Every structure is written in structure tokens, then in C-alpha cells.
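Spelled out, the chains give:
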Amino acid sequence: MSELTISRRGLLAGSALLLASTALPTIGFAQTPKKGGRLVLAADSEPRNLNPAIVASNGVFFLSSKIVETLAEASFDGKDGLQPRLALSWEGAADGLSVTFQLRDGVKWHDGKPFTSADVAFSALQIWKPLQNLGRTVFKDLAAVDTPDELTAIFKFAKPTPFQLIRNALPALSSVVPKHLYEVGKIEENPANNAPVGTGPFKFAEYKAGQYYRLTRNDAYWGKDEPYLDEIVYQVLPDRTSAAAALEAEEIQLAAFSAVPLADLDRISKVPGLKVITKGYEGLTYQLVVEVNHRRKELADLKVRQAIAHAIDKDFVVKTVFLGYAATATGPVPKNDPQFYTADVPTYPFDVAKANALLDEAGYKRADDGKRFALKLLPAPYFNETKQFGDYLRQALAAIGIDAEIVNNDSAAHIKAVYTDHAFDLAVGPPVFRGDPAISTTILVQSGIPDGVPFSNQGGYKNAELDALIVKASETLDTSARTELYKEFQKKVAADLPLINVAEWSFISVARDTVGNIANNPRWAVSNWADTYLES
Amino acid sequence: MTRALILLRRRLVGSVFVLLIVVIGSFLLLEAAPGDAVDAYIVSTGGDAGMIELLRHRWGLDQSELTRLANYLWALLRLDLGQSVTFSRPIREIILERLPTTLILMGSATALSFGLGSALGIYAGARPGSLRDRFLSIGSLALYAVPGFWLGLVLIVVFAVDLRWLPIGGIETIASGKTGFSRAADIAVHLVLPVSALGFIYLALYLRMMRAGMAEAWRQDFVLAARARGLPRRRIVLAHVARNALLPLVTMLGLQSAQMLGGSVVIESVFAVPGLGRLAQEAVAGRDTPLLLGIILFSAVLVVVINLLVDLAYAVLDPRVGAGEASA
């Protein structure tokens, strides 16, 4: 099939066969997905480890989720927001000490061996719990996995663990890898980490460093008639401006994860044959947060933090920095979360006069030059938007007499400065909300976390009441009681402002009209794409 | 012993010291940069304190700087470049995989800027002050003033997006299965834009140098003598004026080979060419000290070799070079 791909380079090579196939793609609405074809899309990074069971991150999932499957995937309309993958059902015991998974029958690994409960037990105990970046927290009390038969896996916990948390963790944390390939040698050095083997709709075929990854169709996939595509090729395009050009030149058909910068979207949406899609990332919400170093005496004062919150015009930030592709935030849980979000929290409307009054009250009067005090502001360099918000924040602070000096670092230096050296007063960070506050949200405000842990409370904030609430929620088994506690948590955070939540955003896809079944689940870009197809 | 061999021997001895200084200096500079490979890695993953400690131990980052430098130099003595922490592969393998791409890109771009630059320089310098001289000088200067990445982007928009004559990036068609001649042709087509972007920028240097040298040579007595002897103008331009103006260009060629490596960092990113420049950028971002040292070492060797070749070319072009050492 590959020789039928439309390519200018092929044309230059003068192949008549290629000429015959360059008919313009017809723009239409096919009702039934078409089989076959190669989907070429932009990739902006080459992760060093492609094993999603070890590295649960979007960069790895983007590629590996097509090869290695999880027990369940996120869903817009499924029960508890989930749809079955390798597990057909999941049941939590009332005492919180066990969760039983019924597994899918007749599933084969890419090397032909059958998938069984032993693989699940091995992945959970040998990888998720001891090695996985997120699993080390969520599965810390996992003591054993019983496998009474080949299709049943019973997770046993040493301490009561909320079933809601395990459920919410399934889409991101439960990638199952084959025991027979991983039980020999060191797991971290297994060759399958760079050429993953899974049960998914696509097999890992080829990787050319700096050029592309190629995945091919798994003919023995368990999904009926799936997958539709023959091949998926990730073309490595390190320069962000080139993804838009590649789409226009029809060299790629899809750019996910905002590979096309926001500023280009308006123009590119007018290009015939291209569509801009904002759906399909609801389960991958990033939060724009001002991290506060409470070791600074001024910032340890609640009135000063309230003043800063009042000084930020969140609507302006959404309109100007995110060009409208974001929402304003009220607290530590994003508005689009269906389970935990509450709007019933203290809010800080944009009010410069009030902010100034609060600072006066706190005893930080303006000096003769109009300035109250100076501080260091470190915007995280990972996104254009975090850097731009840093520039905005500097101006917003100037309006209330706080003189912020921006310190720009690259990623490694920023991580070190903020989370290890604590060499900041304010920082702009983009933490991720992962479907449950216990996975990576409460850690942002909890005290007692060792130095050097990234995306955690390294600002020296300590609130015994809030800490107690976090512990209580982590032990509460009843789903509605647990949800209530997290609503309480949101109120407390919004009231005491250990950090300031400004906005929430996710990514944008740009695709050719010929790509079908895009964005049909809340984690689409990192799901398995078994039903994605190409009209020709 | 011939002049060339003496030159070669002296240069080789000096090169070893140059390389040692380059390695130690780069190591210390990289160590001074805030954050290490683990900091760079956890940007995209996060992780708890235990995991971070485990990674530091596994990647050998819990050892002192001095121990690591000593280990690196000891391994280097045995011609072992070590293991990359960001790619978890042997560094020699990674570099050798990317080196040909960068050499082709740099070689073609240098040939383009040197060849076209000196040819246009001769054309302009044949009649200094003429209309064509002014036009070429100003035009080349305009190209030189353009930032490399911008020129690259403009070329992409015009020739790849609008006209669709050439591919927007990459080194060859993805998973094309082409071999032999058709693969070479494919790579050549892919290189047109990056080589132009890289080459056109430096073209001005050679053009202006050639032109200036020639303008100077026209005023020399031997040119007057040649004209008095009634030699044809064409012969005077090429054999007398241009040849004398060529020497500084050759010096420039050696110096510029080092600069070209720097320029290719940007161009390789814009055109998604998998070369050494992009690798170096990734190594810095990932704080992959051994990988970056490996790249620097390879580049340093490359620059030393090119300059050696330039010196040898000098000895051939100018009989006076090295003559004083012949008896030493």
C-alpha cells in the first residue's frame, strides 16, 4: 500500500504509477470507515523509553498507546467514563482491599503468545508499582495480584484503597506488557522498551532516529474488522513552524498535541481540506498555575497572595495568551472534570484597586518610586503559553507595585531551580490533571514532600488542616464521601491560595478532511486509534 | 622531508592538545549548566523522590564531577565514547549514524557557497566598481544579513508549500524502500532547500573577499606588467588577478568549516534533517554530557582535519608557505 501514498518527491522521481494516484482527495462524508492507507502525522519528540508501563506520560502514550493497551480507556459516554480494553469488567470490594478484573478472552500478543492474567499480575507488581512514574504513588499499597484463572486478576491491597481512584487511574496507568518478554533480565534495560510489543491494533515496525517511527497493522487484533489503517507513520518534525507547512503541503495528514502553534490556527483553518479540532483532549487537561514560594515573607502573607490573584485578569489571559482556546480556572480541579469539580469556592475577580488595598493593608506600602517589593518570576519554558503568561504576569504585578524580574531557563534548569534549589519567588507551571486529584493534584499543595520532586509542593507551604484533609480523602472508600472531601479540598485551596490557578487548557489537532473518527474519546490522541480511518 | 609532511607532523602533535583542552573545557562548562540529565528527563514524566534517586544512580550521576571526568577520559583513552543517557545507546553508534548526513549537508553547502561565491566574486572583481559589481555586492550582503532559520522558512513556504516542487524537510522519503540510485536521487532532492539555506548565507563572505582581493590586485605592478605585455584580459583576470586573491578565501574555507557546524544546528531543526547539529541541540537540552562531548570531539577532529587540508592546500598554492621550515 505504501507505494500509493501521494508524494511530491515520488512525482519528482518521475514515477507514472505515482502520477496516476495523485487524484485530489474528494471531500465527502463517508458513513462507513474505509480500510487501508497510511496515516502520516507529526511527532515533536523522540522519547528515550517507549514503554508506557514504565513511563506514563503523554509523549510516550502518543506513540505507544497504539501498540500497548491498557485495561480500560476513557470514554465520553461509558459507565464511570470508561470503556473496556483488555479488561471487560472491574469490581471493587467494599472493604477497599481488593479489585477484581475480568479480562478479555482470545487476545494475542504481537508475537503470537496468548494474553493472560499472569501478564496483568506481572505488569502491576513488577512494573507499575516499583517503576512507573505515576504508579509508584497510586499502587503503593498493592500487595499481590491473585490469578485464579487465566482471565481473572484480583488486585490485593495492604491498606484500603479507594476503588474510585483505581478506576480513574486505569486509562493512564494500566498499560499491560508481556510477561514472557520482560521476566528475563533487567526490566529497565529490556530491548522491548525501545521496540514495544503489546496487544494493540498496531505493531511496532521501525524507528529511524531523527526521522520517523512506523507502525503496521496487527492483523490478529481482537477488535472486529479493526484496525482500519494499514500503517501509521510518525514523522519527526522538531521545528514547530514546519508542522503547519507539512500539513499544507500534504506531506502529513495530522498534527496533534498543538504541533501547529495557536497563532497559526486562524490561518490554517481557512486552508481548504484542513480542519481544526479542539475535541479529544478532555481527559488531558493542563492547568496554568502560579507557584508561590512561601519562604518569602511577603508571599507567606495571605493578603499578598489574594492581591496577586486579584491582579490577574483571567479572561484577558484566556483571550490573549490562549487566543480563546482555554477556560478560566477557579481552583485546583478543572471545570471540565465530570466527577470532582465544584464552582462553589472563593473567587478573585480582576480588581486592581482591591489588590492595591490588600497590599497596603498587609503593610507593603509603595515606596517613592511606586514599588512595594521586588521578586523573581520563573516561567516554565515547556509551552509558549507559559512563557507568554510570564510576560503578562510581570505587567500585572507592576500594576500593583510588585517589581517582578523574569528569569528564563531551559527545561532542565527550570526544574532544578524551582523544585530542587527553590530559587524562585513565583513560578509559572503547567501541572496536569489526570482524572483524579489523588494522582498528581494534591501533591501540589501537600507538605512533607522531599526536595527535588518535580510538579509538587516545593514552595514550603504547610497547612496541617489541608494535609489532614488530603490524607482523609486518600483513605475514604465511599465514592460520594470521597468526592465531597475533594470538593472541600478545592474550597480550602482556593481560600488559602498555596498556589494560584489561572486557566485550564488542552491541545488542538489539525487534520486533513480525509482523516475519519478523530477525537471520539476524551484521550483520543493517546488512545489506540483502532477505528481511525482514511478516506482516499 | 617535504614541506607538506613536516607541516602534517607538527599539526598532529598540536591537535592532540587541542582536543584534550576541548574535551575538558566542554565537560566543565556542561557541569556548570544548571540541572542534570535526570532533571531534563523528569520534565516529561514527573516522578517521586525514590524514582529520581534510582535514575541518578543508574545513570552514574550520583558520582562526583571529578570521578566522572576521570572515568570519561580513561574510557576515551581506550577509544570508548561511552553510553548516551538520553538514547541509552553507545555514543559512537549514534554519532556515526548521523555524521554522514551532516557531512553531506555541510559539504554541499560549503561547496555551494565557496564555488558560487568565488565565481561571482571573480565576475564582480573583473571590473571593480561596475554596475554588475555593485549589484552583486549589495545582493549578497542582503542574503548574508538574513537569519538562517528565516531564509529556511521562506524557502519552505515558497518551494514546498506554494509551488510544491520540493519536500519540506527530512533527508529522504519516509519508509520509501528506495535503494541505490533512486535513493541517492531522493536524498539529493531533499537536500536542495537545506543546502541552499545554509550555503546562500555564507556565499556573500566568499564573494566579497574575492572581489576585494581582486580589486587590490588590479593595482599591483605585476598586473600592469601583464597588461603591458599585451596578455588577453581574460588571462589576466583568471591567472594573475584571481589567483592572487584566492589565498585568503582558502583560509576562510578552513575557518568557516567550524561555523558551518553551528549554522547546521538551526537549519537541521527547520528542515527536520537528522544530523549532528540537531543531535547536539538534543544533547544540550537533555544534559547528556557524554553525548555532547562525543559530538564536540567529532566536530573538533573534523575542524582540525579540514584546517590541515587547508594548510596543505596553502603549501601547494603559495610556494612561500613552509619554505622557512624546510631546513629545520
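Residues numbered from 1 in each chain as written. Chains lettered and ligands numbered in written order. Predicted model: local features only at pLDDT ≥ 70, side-chain atom pairs only at ≥ 80, totals over all residues. Heavy atoms only, no water.

## Here we look at the overall build of chain A
The helix and strand inventory of chain A stands at 17 helices and 22 strands. Compactness check: chain A gives a C-alpha radius of gyration of 25 Å against a globular reference of 24 Å for 536 residues, within 12% of the reference. The proportion of buried residues among the 536 residues of chain A is 59%. When the accessible surface of chain A is summed, it comes to about 20,000 Å², and 52% of that surface belongs to carbon and sulfur atoms. (Helix = DSSP H or I, 4+ residues; strand = E, 2+ residues; numbered from the N terminus. Rg over C-alpha atoms; globule rule 2.2 N^0.38 Å. Buried < 20%, exposed > 50% of the residue type's maximum accessible area, 1.4 Å probe, protein only. Areas by Shrake-Rupley, 256 points an atom, 1.4 Å probe, with all protein chains shown as cover.)

## What about helix α10 (residues 302-311) of chain A?
Residues and elements named next belong to chain A. Counting buried positions along α10 gives 8 out of 10 residues, so the element sits mostly inside the fold. Regarding α10, the residues found buried are Val 304, Arg 305, Gln 306, Ala 307, Ile 308, Ala 309, His 310 and Ala 311. Where α10 begins, the side chain of Asp 301 points an oxygen toward the backbone nitrogen of Lys 303, at a separation of 2.9 Å. (Polar contact = N/O pair within 3.5 Å; in protein donor to acceptor, adjacent residues only side chain to side chain.)

## Overview of the interface of chain A and chain B
At the junction of the two partners, chain A supplies 47 residues and chain B supplies 51 residues. Glu250(A) is paired through a salt bridge with Arg164(B); the nearest N and O atoms lie 3.1 Å apart. One can count 11 residue pairs in polar contact (both at pLDDT 80 or more) joining chain A with chain B. Mapped by element, the contributors of at least two residues to the side of chain A that touches chain B are α1 (8-12), β9 (212-217), β10 (231-236), α8 (240-248) and α14 (411-420) of chain A. (Contact = heavy atoms within 4.5 Å. Salt bridge = Lys/Arg side-chain N within 4 Å of Asp/Glu carboxyl O.)

## Some thoughts on the pattern of salt bridges
All names here are of chain A. Here the structure, examined in full by the defined rule, presents 40 salt bridges over all chains. Between Arg 217 and Asp 219 there is a salt bridge, and its shortest N-O distance comes to 2.8 Å. The salt bridge partner of Asp 436 is Arg 482, with a shortest N-O separation of 2.9 Å. Here Asp 436, found in the loop between β18 (432-433) and α15 (437-440), pairs with Arg 482, found in helix α17 (residues 479-496); they are 46 residues apart in sequence, far enough to count as distant.

## Considerations on the UniProt feature "domain: Solute-binding protein family" (unreviewed entry) in chain A
According to UniProt, the feature "domain: Solute-binding protein family" (unreviewed entry) maps to residues 82-429 of chain A in the numbering used here. Along residues 82-429 of chain A one finds 30% helix and 23% strand; the C-alpha atoms at either end are 29 Å apart. (UniProt positions renumbered as here; feature names shortened; annotations may be inferred.)

## A look at the packing of helix α10 (residues 233-270) of chain B against helix α12 (residues 289-317) of chain B
All names here are of chain B. Between α10 and α12, whose axes approach to 9 Å, the crossing angle comes to 175 degrees. By the criterion of interaxial angle, the relationship of α10 to α12 is roughly antiparallel. Residues Arg 243, Leu 246, Leu 247, Val 250, Thr 251, Gly 254, Leu 255, Ser 257, Ala 258 and Leu 261 of α10 form the contact with α12, whose own contacting residues are Ser 299, Val 303, Ile 306, Asn 307, Val 310, Ala 313, Tyr 314 and Leu 317. (Axes fitted to C-alpha atoms, helices over the stretch in contact; angles between N-to-C directions. Parallel < 35°, antiparallel > 145°, perpendicular 65-115°, else oblique.)

## Describing the UniProt feature "domain: ABC transmembrane type-1" (unreviewed entry) in chain B
Following the UniProt record, one finds the feature "domain: ABC transmembrane type-1" (unreviewed entry) at residues 99-314 of chain B. Secondary structure within residues 99-314 of chain B divides into 82% helix and 0% strand; the distance between the first and last C-alpha atoms comes to 27 Å.

## Some points on the UniProt feature "transmembrane region" (unreviewed entry) in chain B
All names here are of chain B. Those residues carrying the UniProt feature "transmembrane region" (unreviewed entry) are residues 12-30, 103-123, 135-161, 187-207 and 291-310 in this numbering. Measuring from the first to the last C-alpha atom of residues 12-30 gives 27 Å, for a span that is 100% helix and 0% strand. End C-alpha atoms of residues 103-123 are separated by 29 Å, and the span's content is 100% helix alongside 0% strand.

## So, the sheet that holds strand β6 (residues 142-149) of chain A
All names here are of chain A. Overall, antiparallel pairing links the 4 strands, which are arranged β4-β5-β7-β6 in an open sheet. In the strand order of this sheet, the two ends are held by β4 (87-92) and β6, each with one partner. On average, each strand axis in the sheet is tilted by 20 degrees relative to the strand beside it, whichever way the strands run. Sheet topology places β4 next to strand β5 (residues 98-103); 5 bridges connect them, and they run antiparallel. If you follow Gly 92 over to β5, its bridge partner there is Val 99. Sitting on the sheet, helix α4 (residues 117-131) touches β5, β6 and β7 (152-157), and the angle it makes with β6 is about 170 degrees. Lying over the sheet, helix α6 (residues 163-173) contacts β4, β5 and β7, oriented at roughly 160 degrees with respect to β4. (Pairing = 2+ DSSP bridges.)

## So, the domain arrangement of chain A
Residue and element names in this part refer to chain A. Annotation of chain A at the domain level lists domain 1 (32-67 + 200-282 + 509-535), domain 2 (70-130 + 141-178) and domain 3 (285-505). Here the C-alpha centre of domain 3 lies 33 Å away from the C-alpha centre of domain 1. Here domain 1 and domain 3 share an interface that buries about 660 Å² over both sides, 53% of which is from carbon and sulfur atoms. Summed over the three residues of domain 1 that lose the most area to domain 3, namely Asn 58, Leu 262 and Glu 282, the buried surface amounts to 57% of that side. Summed over the shared surface of domain 1 and domain 3, the result is 0 salt bridges. Connecting domain 1 to domain 3 are 2 residue pairs in polar contact (both at pLDDT 80 or more). (Domains from an automatic or database assignment. Buried area = accessible area lost by both parts, 1.4 Å probe.)

## Description of the packing of helix α5 (residues 91-125) of chain B against helix α6 (residues 131-145) of chain B
All names here are of chain B. Contact geometry for α5 and α6: axes closest at 8 Å, N-to-C directions at 145 degrees. Between α5 and α6, the contacting residues are Leu 120, Tyr 123 and Ala 124 on the first element and Arg 132, Asp 133 and Leu 136 on the second. Tallied by class, residues from the contact of α5 with α6 come to 4 nonpolar, no polar and 2 charged. (Nonpolar A, V, L, I, M, F, W, Y, C, P; charged D, E, K, R; others polar.)

## Details of the packing of aromatic side chains
Residues and elements named next belong to chain A. Applying the stated criterion to the full structure yields 31 aromatic pairs over all chains. Ring plane angle 40 degrees and centroid distance 6.2 Å describe the contact between Trp 128 and Phe 155, whose orientation is recorded as tilted. Placement of Trp 128 in helix α4 and of Phe 155 in strand β7 is noted, with a sequence separation of 27 residues between them. With respect to class, Trp 128 is no different from Phe 155; both count as buried. Look at Tyr 207 and Tyr 213: their rings are 4.3 Å apart centre to centre, the planes differ by 10 degrees, and that puts the pair in the stacked class. According to the relative accessible area criterion, Tyr 213 is buried, its value standing at 1%. Ring pairing ties together the aromatic residues Phe 62, Tyr 234, Phe 257, Tyr 281, Tyr 286, Phe 322, Phe 383, Trp 505, Phe 507, Trp 524 and Trp 529, which thus form one cluster. (Phe/Tyr/Trp six-rings, centres within 6.5 Å; stacked < 30°, edge-to-face > 60°.)

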